[in-house]
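# Observations on chain architecture
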Amino acid sequence: MKLGIIREGKNPPDKRVPFTPKQAEEIGDLFPTVKVICERSPIRCYQDEEYANLGIEVADDMSSCDVLMGIKEVPIDKLISNKTYLFFSHTIKKQPYNKNLLQAVLQKKIRLIDYEVLRDRLGNRLVAFGRFAGIVGAYNGLWTYGKRTNLFTMRRAHECFDLNDLKLELRKIKLPPIKIILTGGGRVGKGSMETLDTAGIRKVNPHDFLTKQFDEPVYVQLGSGDYHTRKEGGHFIRDEFHKNPERYESHFLLYTKVADILMAGAYWNPKAPVLFTKEDMQATAFKIQVIADITCDINGSVPSTLRATSIDEPLYDYDPFTALEKPALSSNKHITVMAIDNLPCELPRSASEEFGRDLIDRILKPLFGDDTEGVIERATITQNGALSPHFDYLKDYVEG
């Protein structure tokens, strides 16, 4: 079997790879019947020579490969018929901008396996970039605060060589005794904590965060139960909140009265209360100056997230009194927003290394035939020109 690492073709360019050169070499050792071929690319974070130096074939023509693996959506004109592809297709939620891609995949009789739905039997994701979204998102939140206050300077995350380089940069900053809110406890939340801890910012509990003054910077990590109460009274019930969030109301405003920075890393259900409203942001008591919306839910739980920002232009200001976007860092009366929607791309080498490790440890064995747990079967969107039974709900999306 030939496994191809394909060149990323989507704009803006993505420098990440499914496997690093050393991992590509490791695959050959672990699976002697598999040969890895790397398509030439001028943009990826690992150079062609780094693969070639480890004995990995570098080629322009990938038509001999059986399995082709990338990161982002493959341009339609680059798809090769009758192959197995693995990438983030962004089709499972019926995203309008990728309907043509899924139509082409079906027409070309491609077996499409989507990373996003590679899960175990309990529904837990097996491969993801969430940790690095959190690491970079929190870093960018601190960087934004430095830019807004002129108290310190940091290199941009994408200017750091890898995660270790970024952590060295974090140790340089000196923050005043500010308070930071972090929402979420999943991969994104844990990655964000990693950044805040590396920066030497102390974690405190919600009660102390609300009631005490500190002579050092602190942060609080909030789960849903920390700022939601049942409308009918009684204790917060996690399962009920996940199934019926409309039964709860938010008291998140208590935290906005004392915090300087919000780092939003929690999944939000549209049926759940928002963290705060546009009107809430106009109040004198609303103290937050910087919002790093790591989840980047446009028109979601954070009303100032009007659009996604980019690595090249990471910030804009939000004027709470007009609810309009303003130029970044243009007034202290504004709230500065960071809402980059492809945060792991800022640390492509380290993010790729962790992603490839998970692919090798959790996915390649079932992919190459030993799928006793049904991992690959459940993540297969299309095969032989048809939608698989798990994704039959996409039929109207494809035909519409």
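Residues numbered from 1 in each chain as written. Predicted model: local features only at pLDDT ≥ 70, side-chain atom pairs only at ≥ 80, totals over all residues. Heavy atoms only, no water.

## A short note on the domain arrangement of the protein chain
Quite often, the size of an interface is put as the accessible area lost when its parts meet. The assigned domain composition of the protein chain is domain 1 (2-127 + 348-399) and domain 2 (129-341). Of note, the centres of domain 1 and domain 2, computed from C-alpha atoms alone, are 32 Å apart. In this complex, domain 1 contributes 13 residues to the contact, which on the side of domain 2 involves seven residues. Put simply, domain 1 and domain 2 have one salt bridge between them. Classifying every residue of the side of domain 1 that touches domain 2 by side-chain character gives six nonpolar, two polar and five charged. (Domains from an automatic or database assignment. Contact = heavy atoms within 4.5 Å. Salt bridge = Lys/Arg side-chain N within 4 Å of Asp/Glu carboxyl O. Nonpolar A, V, L, I, M, F, W, Y, C, P; charged D, E, K, R; others polar.)

## Considerations on the nonpolar core
Counting 100 residues, the largest nonpolar core has Tyr-115, Leu-142 and Met-263 as the members making the most contacts within it. Sorting elements by how many residues they give to this core places helix H4 (residues 130-149) first, with nine residues. Here this core spans two domains, since at least three of its residues come from each of domain 1 (2-127 + 348-399) and domain 2 (129-341). Filtering out sequence-adjacent residues up to four positions away, Met-263 remains in contact with Ala-138, Gly-141, Leu-142, Ile-180, Ile-181, Leu-182, Thr-183, Leu-196, Ala-292 and Ile-294. Grouped together as the second largest cluster of nonpolar side chains are 27 residues, Ile-181, Phe-209, Ala-259 and Ile-335 included. (Core = buried A, V, L, I, M, F, W, Y, C linked by side-chain atoms within 4.5 Å. Buried < 20%, exposed > 50% of the residue type's maximum accessible area, 1.4 Å probe, protein only. Helix = DSSP H or I, 4+ residues; strand = E, 2+ residues; numbered from the N terminus.)

## Quick look at the pattern of salt bridges
Summed over all chains, the structure comprises 26 salt bridges. Among the salt bridges present, the one from Glu-73 reaches Lys-10, with a minimum N-O distance of 2.9 Å. In this pair, Glu-73 is assigned in the loop between strand S4 (67-69) and strand S5 (84-87) and Lys-10 in the loop between strand S1 (2-5) and helix H1 (21-30), connecting sequence segments 63 residues apart. Given a relative accessible area of 30%, Lys-10 falls into the partly exposed group. With its nearest N and O atoms 2.6 Å apart, the salt bridge here joins Lys-35 to Glu-57. Here Lys-35, found in strand S2 (residues 35-39), pairs with Glu-57, found in strand S3 (residues 57-59); they are 22 residues apart in sequence, far enough to count as distant.

## Focus on the packing of H1 against helix H11 (residues 348-367)
One can describe the packing of H1 onto H11 by two numbers: an axis separation of 11 Å at closest approach and a directional angle of 15 degrees. Classified by the angle between their axes, H1 and H11 sit roughly parallel to one another. The chirality of how H1 crosses H11 is right-handed. Here H1 contributes Gln-23, Glu-26, Ile-27 and Leu-30 to the contact with H11, which in turn contributes Ser-352, Glu-353, Gly-356, Arg-357, Ile-360 and Leu-364. For the contact of H1 with H11, a count of residues per class yields four nonpolar, three polar and three charged. (Axes fitted to C-alpha atoms, helices over the stretch in contact; angles between N-to-C directions. Parallel < 35°, antiparallel > 145°, perpendicular 65-115°, else oblique. Left-handed = near helix turned anticlockwise from the far one by under 90°.)

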